[in-house]
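Residues per chain are reported as follows:
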Amino acid sequence: MKLSIVILNYNVKYFIDLCLQSVLAATKNIDAEIIVVDNASVDGSVTWIASQFPKVTLIQNNENLGFPKGNNIGVQQAKGEYLCILNPDTVVAEDTFVKALGFMEQNEQLAIMGPKLIDGSGRFLKESKRGIPTPWVAFTKVLGLYKLFPKLFGEYYNLKLPKNKAGETDILVGAYMFMKTAHYRTLNGFDEACFMYSDDIDLSYRSLQLGKPNFYNPDIN
């Protein structure tokens with residue numbers, strides 16, 4: 001199998017409906033599997049997914065295990081050579097996975113790739129590409145100095161790399177992370193000591209320590 005897409009769901013029935021419709025359209029010509037891990041939702045998500053998306057592999061947790069552990073449980077079942085960690089509130093373009101696979105196959109020196117993320121109003125999400133949040137970098141971000149002096153204090157959002165230009169970036173966002181499944185497993189997945197937040201920073205940083213760069217690709221969305 002070429003690709004596994006792992007989506008963690010928690011009480012976002014209507015978002016994940018749109019997400020799964022887009023993912024199914026984007027994988028129609030790919031040998032792929034879609035794995036949804038549900039963290040004990042109470043909004044009818046499980047019943048809805050099971051009835052409307054029978055091709056999806058659905059894993060039901062008995063409690064909310066958090067973002068890292070939930071995704072790790074999904075990846076344990078993954079059979080694809082490549083892996084995409086995807087948030088349930090995302091909608092992907094029909095060519096996103098074709099492009100992502102082609103790009104990563106031609107750039108095996110890369111570790112994790114992330115796309116250009118756009119919110120529902122069409123606004124670019126700066127979290128798409130970031131630097132390592134050292135205490136100083138985090139301090140300049142909290143104070144908003146990156147807005148006043150982006151050339152001096154733009155490291156948190158890697159402002160040296162324009163939003164429409166592809167290039168290496170230290171940190172990628174967990175909403176959409178694309179890599180070889182073997183690489184995720186080499187990293188032992190997300191750190192389960194983090195219930196949520198900062199887990200994507202941690203995974204990106206540990207990935208860098210293995211000597212392969214992470215990459216921001218605005219041609220994929």
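Above this text sits the structure in question.
The following refers to the structure shown. (Residues numbered from 1 in each chain as written. Predicted model: local features only at pLDDT ≥ 70, side-chain atom pairs only at ≥ 80, totals over all residues. Heavy atoms only, no water.)

## Notes on the packing of aromatic side chains
Moving on, step 1. Under the criterion given, the structure shown has 8 aromatic pairs.
Moving on, step 2. Judged by centre distance (5.3 Å) and plane angle (35°), the rings of Phe103 and Phe215 are tilted. Pair noted here: Phe103 is in helix H4 (residues 96-106) and Phe215 is in strand S8 (residues 215-217), with a separation of 112 residues, a long-range link. Each member of the pair, Phe103 together with Phe215, is buried.
Moving on, step 3. Put simply, the rings of Phe67, Tyr184 and Phe190 pair up and form one aromatic cluster.
Moving on, step 4. Sitting over the ring of Tyr157, Lys126 keeps its end group 5.2 Å from the ring centre. (Phe/Tyr/Trp six-rings, centres within 6.5 Å; stacked < 30°, edge-to-face > 60°. Helix = DSSP H or I, 4+ residues; strand = E, 2+ residues; numbered from the N terminus. Buried < 20%, exposed > 50% of the residue type's maximum accessible area, 1.4 Å probe, protein only. Lys NZ or Arg CZ within 6 Å of the ring centre and 35° of its normal.)

## Overview of the side chain of Thr96
Moving on, step 1. Within the secondary structure, Thr96 sits in helix H4.
Moving on, step 2. Apart from residues lying up to four places away in sequence, Thr96 is in contact with Ala26, Tyr176, Ile220 and Asn221. (Contact = heavy atoms within 4.5 Å.)

## Brief notes about the nonpolar core
Moving on, step 1. Among the nonpolar cores identified, the biggest contains 32 residues, and Ile7, Phe97, Tyr176 and Phe178 are the most heavily contacted of them.
Moving on, step 2. Every element with two or more residues in this core is listed here: strand S1 (3-9), helix H1 (13-26), strand S2 (32-39), strand S4 (82-86), H4 and strand S7 (176-180).
Moving on, step 3. Other than its neighbours up to four places away in sequence, Phe178 contacts Leu3, Tyr82, Leu83, Cys84, Phe97, Ala100, Leu101, Met104, Ala111, Ile112 and Met113.
Moving on, step 4. Residues Leu8, Ile59, Ala111 and Phe190 belong to the second largest nonpolar core, which totals 20 residues. (Core = buried A, V, L, I, M, F, W, Y, C linked by side-chain atoms within 4.5 Å.)

## Quick word on the pattern of salt bridges
Moving on, step 1. Overall, the coordinates contain 7 salt bridges when judged by the stated rule.
Moving on, step 2. Across the pair Lys2 and Glu105 runs a salt bridge whose closest N-O atoms are separated by 2.7 Å. One end of the pair, Lys2, is in the segment before S1; the other, Glu105, is in helix H4, and 103 residues separate them in sequence.
Moving on, step 3. Here Lys2 falls in the partly exposed class, since its relative accessible area comes to 27%.
Moving on, step 4. Two residues, Arg206 and Asp202, come together in a salt bridge whose shortest N-O distance is 2.8 Å. Of this pair, Arg206 and Asp202 both sit in helix H9 (residues 199-208), separated by 4 residues, roughly a single helical turn.
Moving on, step 5. Linked by salt bridges that have partners in common, Lys2, Glu81 and Glu105 make up one network. (Salt bridge = Lys/Arg side-chain N within 4 Å of Asp/Glu carboxyl O.)

## Topic: the environment of Ile7
Moving on, step 1. Of note, Ile7 is situated in strand S1.
Moving on, step 2. Among the residues examined, Ile7 registers a relative accessible area of 0% and is labelled buried.

## What about the layout of surface pockets?
Moving on, step 1. Within this model, the largest pocket holds a volume of roughly 1000 Å³.
Moving on, step 2. Phe67, Asn87, Asp89, Gly174 and Ala175 are, among the 38 residues lining the largest pocket, the residues nearest its centre.
Moving on, step 3. Of all elements in the fold, only S1 and H9 reach the threshold of two or more residues within the lining of the largest pocket.
Moving on, step 4. Sorting elements by how many residues they give to the lining of the largest pocket places H9 first, with 3 residues.
Moving on, step 5. Considering only residue class, the lining of the largest pocket consists of 21 nonpolar, 10 polar and 7 charged.
Moving on, step 6. Looking at the second largest pocket, its volume works out to about 200 Å³.
Moving on, step 7. Lining the second largest pocket are 15 residues, with Phe153, Gly154, Glu155, Asn158 and Lys160 positioned closest to its centre.
Moving on, step 8. Only helix H5 (135-142) and helix H7 (150-153) provide two or more residues apiece to the lining of the second largest pocket. (1 Å grid on protein atoms, 1.4 Å probe; cavity = no way out; pocket = protein on both sides within 12 Å on 5 of 7 lines; lining within 4 Å. Points joined across faces, edges and corners; volume = space filled by probe spheres on them. Nonpolar A, V, L, I, M, F, W, Y, C, P; charged D, E, K, R; others polar.)

## Observations regarding the packing of H1 against helix H2 (residues 45-52)
Moving on, step 1. Packing of H1 against H2 leaves a shortest axis separation of 10 Å and a crossing angle of 25°. Classified by the angle between their axes, H1 and H2 sit roughly parallel to one another. The hand of the H1/H2 crossing is right-handed. When H1 is examined against H2, the residues Lys13, Ile16, Asp17 and Leu20 are found in contact with a partner set consisting of Ser45, Trp48 and Ile49.
Moving on, step 2. Its residues placed into classes, the contact of H1 with H2 shows 4 nonpolar, 1 polar and 2 charged. (Axes fitted to C-alpha atoms, helices over the stretch in contact; angles between N-to-C directions. Parallel < 35°, antiparallel > 145°, perpendicular 65-115°, else oblique. Left-handed = near helix turned anticlockwise from the far one by under 90°.)

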